[in-house]
Amino acid sequence: MASKVALLLAVLVCSQYLAQGVYVVSKAEWGGRRASWTVGLGNYLGYAIIHHTAGSYCETRAQCNAVLQGVQNYHMDSLGWPDIGYNFLIGGDGNVYEGRGWNNMGAHAAEWNPYSIGISFLGNYNWDTLEPNMISAAQQLLNDAVNRGQLSSGYILYGHRQVSATECPGTHIWNEIRGWSHWSGDKLGRAVVYKVRSDDRPHNRSASTMANKALVLLAVLFCAQAVFGVTIISKSEWGARSPTSKSTLASSLSYAVIHHTAGNYCSTKAACITQLKNIQNYHMDSLGWADIGYNFLIGGDGNVYEGRGWNVMGAHATNWNSKSIGISFLGNYNTNTLTSAQITAAKGLLSTAVSRGQIVSGYTLYGHRQVGSTECPGTNIWNEIRTWSNWKA
């Protein structure tokens, strides 16, 4: 009976994750500048603070990118901050955009910054109107923050006006968030350290309870790939340079091309970051390209690293760049051997590309040697990918 209950609970947990996953547009995707420095932000925070930027509204991705760049430039160049102030921002297009992101302290509410995440809506909501997709995006983002452990499950939601002398987040947002379950009507002037309740974070349980929780965790792990896709280390995380130019890559592409870098192998994140920087420098400084050539790269550590990323044309396979995404494994796979973690990461990335609409579900997978005069992607990768379902001779 206990195992059946645990299994049912696992299904419920999985469905909860399916409902709560939200896609976040990375800084690299919206053209954000690298932070000049960062400060870590703790876990199980007690507060989330809602803002508006009090500036221009946007209702398309292109408009929101431009507004975000303007906000970041103002925060960094005029206010002297190291980055855009908020952790995340939400556009009138319903997209969530990465600001400082997870685990980085924001600059959005003075002394409350170490104890909260800051979420801001792009626009002035004394007159702009919140759309249902914006409300849904904000609520999903808050749920994700709890699931990730960034926020405590019992967090308190405030509007900026509750913790500072301001009319932020504007009348329309203020009227909306007061109906949300975590909102508190307290009017506080100084930050109070939130004490995590015993049920807000993991603690010791009996053996039977722990076994049931293990089943739940296992179910979550199985569904996590389908829910969130593969985790991608962003360019800002690995310290990439900004591209000198970009060309847009279309959606619903028919091809994915697999490569190897034919250079040094790496088995740790630190070592892979070193290799990525070396490759980008070579591509930009020696070859004169606008950026690192590949859309994504996969390290021997099993991580996927952002190259040019989604929706940006690569420079990886002459005559094929405009109709394919390019994925490269770090190392020389005439001698290096693929790990199961790398294979899983590559397949997860391809599945994510289909889910996002970057490539069609019936895409054709090629090795670089099939579209160019080269031995790339190396013998060991070549032998592996020929067993994948979308590979074509």
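Residues numbered from 1 in each chain as written. Predicted model: local features only at pLDDT ≥ 70, side-chain atom pairs only at ≥ 80, totals over all residues. Heavy atoms only, no water.

1. Topic: the overall build of the protein chain
Secondary structure summary: the protein chain contains 10 helices and 12 strands in total. Taking all 393 residues of the protein chain together, the buried fraction comes to 49%. Partitioning the contacts of the protein chain with sequence separation of at least 6, the portion at a separation of at least 24 is 75%. Accessible surface, the protein chain: about 17,800 Å² in total, of which carbon and sulfur atoms supply 52%. (Helix = DSSP H or I, 4+ residues; strand = E, 2+ residues; numbered from the N terminus. Buried < 20%, exposed > 50% of the residue type's maximum accessible area, 1.4 Å probe, protein only. Contact = heavy atoms within 4.5 Å. Areas by Shrake-Rupley, 256 points an atom, 1.4 Å probe, with all protein chains shown as cover.)

2. Things to note about the sheet that holds strand 9 (residues 296–298)
Taken together, the 6 strands give an open sheet; going across it, the order is 7-10-9-11-8-12, and neighbouring strands pair in mixed fashion. Of all the strands in the sheet, just strand 7 (232–233) and strand 12 (359–367) have a single pairing partner and so form its edges. The sheet contact formed by strand 8 (residues 253–260) and strand 11 (residues 324–329) spans 6 bridges and is parallel. When the bridges of strand 11 are listed, Ala-256 appears paired with Ile-325. Strands in contact with helix 9 (residues 340–356) are strand 7, strand 8, strand 9, strand 10 (304–306), strand 11 and strand 12; relative to strand 12, the strand with the most contacts, it is inclined by about 140°. (Pairing = 2+ DSSP bridges. Axes fitted to C-alpha atoms, helices over the stretch in contact; angles between N-to-C directions.)

3. As for the side chain of Asn-124
Looking at the element boundaries, Asn-124 is found in the loop between strand 5 (116–121) and helix 4 (132–147). Residue contacts for Asn-124: discarding those within four places in its chain leaves His-52, Ala-54 and Gly-55.

4. As for the nonpolar core
Counting residues in each nonpolar core, the largest one holds 28 residues, and the members touching the most others are Ile-90, Ile-117, Phe-121, Leu-142, Leu-151 and Leu-157. Looking at this core, the elements that each hand over two or more residues are strand 2 (45–52), strand 3 (88–90), strand 5, helix 4, strand 6 (151–159) and helix 5 (171–177). In this view, Phe-121 contacts Ile-50, His-51, His-52, Thr-53, Ile-90, Leu-130, Met-134, Ala-138 and Ile-173; residues no more than four positions away in its chain are not counted. Among the nonpolar cores identified, the runner-up in size contains 27 residues, and Leu-253, Phe-329, Ala-346 and Tyr-363 belong to it. (Core = buried A, V, L, I, M, F, W, Y, C linked by side-chain atoms within 4.5 Å.)

5. So, the pairing of strand 11
For strand 11, a buried count of 6 out of 6 residues is recorded, marking the element as mostly surrounded by other parts of the structure. Bridging between strand 9 and strand 11 involves 3 bridges; their strand directions are parallel. Looking across to strand 11, one finds that Leu-297 is bridged to Ser-328.

6. Some remarks on the sheet that holds strand 3
As a general point, the strands of a sheet are linked pairwise by backbone hydrogen bonds and lie either parallel or antiparallel. The strand order across the open sheet built from 6 strands is 1-4-3-5-2-6, with neighbouring strands paired in mixed fashion. Pairing within the sheet leaves two strands with one partner each, and these edge strands are strand 1 (24–25) and strand 6. With 6 bridges joining them, strand 2 and strand 5 adopt parallel strand pairing. Opposite His-52, over in strand 5, you have Phe-121 as the bridge partner. Strands strand 1, strand 3 and strand 4 (96–98) of the sheet are contacted by helix 3 (residues 61–78), whose axis makes an angle of about 35° with strand 4. Running at roughly 140° to strand 6, helix 4 makes contact with strand 2, strand 3, strand 4, strand 5 and strand 6 of the sheet.

7. Here's the deal with the pattern of salt bridges
Under the defined criterion, the tally for this structure stands at 6 salt bridges. The salt bridge involving Arg-356 is made with Glu-29; its shortest N-O contact spans 3.4 Å. Residue Arg-356 is found in helix 9, and its partner Glu-29 is found in helix 2 (residues 27–30); the two are separated by 327 residues along the sequence. Overall, the relative accessible area of 29% leaves Arg-356 in the partly exposed class. (Salt bridge = Lys/Arg side-chain N within 4 Å of Asp/Glu carboxyl O.)

8. Describing the packing of aromatic side chains
For the coordinates displayed, the defined rule picks out 14 aromatic pairs. Between the aromatic rings of Tyr-47 and Trp-112, the centroid separation amounts to 5.0 Å while the plane-to-plane angle is 85°, which identifies the pairing as edge-to-face. With a gap of 65 residues between them, Tyr-47 in strand 2 and Trp-112 in the loop between strand 4 and strand 5 connect regions that are remote in the sequence. The pair formed by Tyr-47 and Trp-112 is uniform in burial state, with each residue classed as buried. Taken together, the ring pairs connect Tyr-47, Trp-112 and Tyr-158 into an aromatic cluster. (Phe/Tyr/Trp six-rings, centres within 6.5 Å; stacked < 30°, edge-to-face > 60°.)

9. Topic: a nonpolar patch on the surface
On the surface, Tyr-282, Leu-287 and Trp-289 cluster together to form a nonpolar patch covering roughly 280 Å² of accessible area. Structurally, Trp-289 is set in the loop between helix 8 (269–286) and strand 9. With a relative accessible area of 31%, Trp-289 lands in the partly exposed category. (Patch = residues over 30% accessible without salt bridge, like charges linked within 9 Å, V, L, I, M, F, W, Y side chains within 5 Å.)

10. Considerations on the confidence of the model for the protein chain
Per-residue confidence for the protein chain averages 85 on the pLDDT scale, and 83% of its residues sit at or above 70. Within the protein chain, helix 6 (residues 207–228) has the poorest average pLDDT of any element, 45, and strand 11 the best, 98. Within the model, the stretch residues 10–20 combines pLDDT values under 50 with 18 contacts to residues more than four positions away or in other chains. Note that residues 215–228 has pLDDT below 50 and, in this model, 21 contacts with residues that lie over four places away or in other chains. (pLDDT = per-residue confidence, 0-100.)

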